[in-house]
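# Commentary on secondary and tertiary structure
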Amino acid sequence: DYMYMDKGQPQHGVAHIQPLLKLIASRKIINLTYFAFSHETPKTYTLHPYHIMQYQMRWYLLAKDDFKKNMRTLALERISDLKDTGASFVRDINF
């Protein structure tokens, strides 16, 4: 499964859901810009998208960071400039 939904109807970040589901299903590496609370300026990431979930009225992307080799949870409403790199990845069998 690529998606989990909690009860409720969040509205922020929903424009990214369909493109991300397609990228997750086709195992495409993505680039995106993320505006984190903890940083004054946005950062660009290269990620392997694994899963979308909705929790407490917010949508999130769970993805493996291509550079740090760790998993990240990103709020969809803080994502911009979502792009398919054209490259594919092999999903971790332990996920």
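The present account deals with the structure reproduced in this document. (Residues numbered from 1 in each chain as written. Predicted model: local features only at pLDDT ≥ 70, side-chain atom pairs only at ≥ 80, totals over all residues. Heavy atoms only, no water.)

## So, the overall build of the protein chain
- Tallying secondary structure elements over the protein chain gives one helix and six strands in all.
- Taken from N to C terminus, the helices and strands of the protein chain fall in the order β-α-β-β-β-β-β.
- Counting the 95 residues in the protein chain, one finds 38% classified as buried.
- For the protein chain, the share of sequence-separated contacts (at least 6 apart) that also reach a separation of at least 24 residues comes to 58%.
- Split by element, the accessible area of the protein chain, about 6,100 Å² in all, is 53% carbon and sulfur. (Helix = DSSP H or I, 4+ residues; strand = E, 2+ residues; numbered from the N terminus. Buried < 20%, exposed > 50% of the residue type's maximum accessible area, 1.4 Å probe, protein only. Contact = heavy atoms within 4.5 Å. Areas by Shrake-Rupley, 256 points an atom, 1.4 Å probe, with all protein chains shown as cover.)

## Quick notes on the nonpolar core
- Formed by 20 residues in total, the largest nonpolar core has its most connected members in Leu32, Tyr34 and Leu61.
- At the level of secondary structure, the elements contributing two or more residues to this core comprise helix H1 (17–25), strand S2 (28–34), strand S3 (43–55), strand S4 (58–65) and strand S5 (71–75).
- Looking at which element gives the most residues to this core, the answer is H1, with five residues.
- Beyond its immediate sequence surroundings of up to four residues, Leu61 is in contact with Leu20, Ile24, Ile30, Leu32, Pro49, His51, Ile52, Arg72, Thr73, Leu74, Leu76 and Ile79. (Core = buried A, V, L, I, M, F, W, Y, C linked by side-chain atoms within 4.5 Å.)

## Here we look at unusual backbone geometry
- Phi is positive for Lys69, close to 60°, though the residue is something other than glycine.
- Its identity as a non-glycine residue notwithstanding, Asp81 has a phi of 50°, on the positive side.
- Mapped onto the secondary structure, Asp81 falls in strand S6 (residues 79–88).

## Considering H1
- Considered for burial, the residues of H1 that qualify are Ile17, Leu20, Leu21, Leu23 and Ile24. Looking straight down H1, one finds its buried side chains confined to an arc of 165°; they lie on one side. Exposed residues lying more than 90 degrees from the buried face of H1 are Gln18 and Lys22. (Arc of directions from axis to C-beta.)

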